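Chain by chain, the residues:
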Amino acid sequence: MSKALEDAEASLQQPASDHQLRLIAATLLKVAGDGERDPIRLKAAAMSGLEPDVGDADGTPSPTIDAERSP
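Thresholds, definitions, all that
- Residues numbered from 1 in each chain as written.
- Predicted model: local features only at pLDDT ≥ 70, side-chain atom pairs only at ≥ 80, totals over all residues.
- Heavy atoms only, no water.
- Core = buried A, V, L, I, M, F, W, Y, C linked by side-chain atoms within 4.5 Å.
- Buried < 20%, exposed > 50% of the residue type's maximum accessible area, 1.4 Å probe, protein only.
- Helix = DSSP H or I, 4+ residues; strand = E, 2+ residues; numbered from the N terminus.
- Contact = heavy atoms within 4.5 Å.
- Salt bridge = Lys/Arg side-chain N within 4 Å of Asp/Glu carboxyl O.

> Whenever I open this one, the nonpolar core confuses me. Can you help?
Across soluble globular proteins, you tend to see nonpolar side chains buried next to one another. Listed in full, the nine residues of the largest apolar core are Ala4, Ala8, Leu12, Ala16, Ile24, Leu28, Ala32, Leu42 and Ala46. For this core, the secondary structure elements donating two or more residues are helix H1 (2–11), helix H2 (18–33) and helix H3 (39–48). At three residues, the largest contribution of residues to this core is made by H2. With residues near it in sequence (within four places) discarded, Ile24 still touches Leu5, Ala8, Leu12, Ala46, Met47 and Leu50.

> Explain the pattern of salt bridges here, please?
Two side chains carrying opposite charge are able to pair once their charged atoms lie near each other. For the structure shown, the criterion picks out three salt bridges. For Lys3, the salt bridge identified is with Asp7, shortest N-O distance 3.1 Å. Highlighted residues: Lys3 and Asp7, both in helix H1, separated by four residues, approximately one helical turn. Judged by relative accessible area, Lys3 falls into the partly exposed class, the value being 46%. With a closest N to O distance of 2.7 Å, Asp34 and Lys30 form a salt bridge. For the pair Asp34 and Lys30, a shared accessibility class is recorded, and that class is exposed.

The structure is reproduced here in structure tokens:
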């Protein structure tokens, strides 16, 4: 896990924020807790946790399924 954390941190724009590092670490812990041990897969999962939930070109988040069903 430490290798995946170091690799993920190195691939971020410097300096990485504390928030980014916490998100990476939390994702690594979850994925590793689910049984993943491959450092490359751990890093990929951690980095995907940083991707914003952007739905529209203007950066507005996508509505949730429940919101779409609401009248």
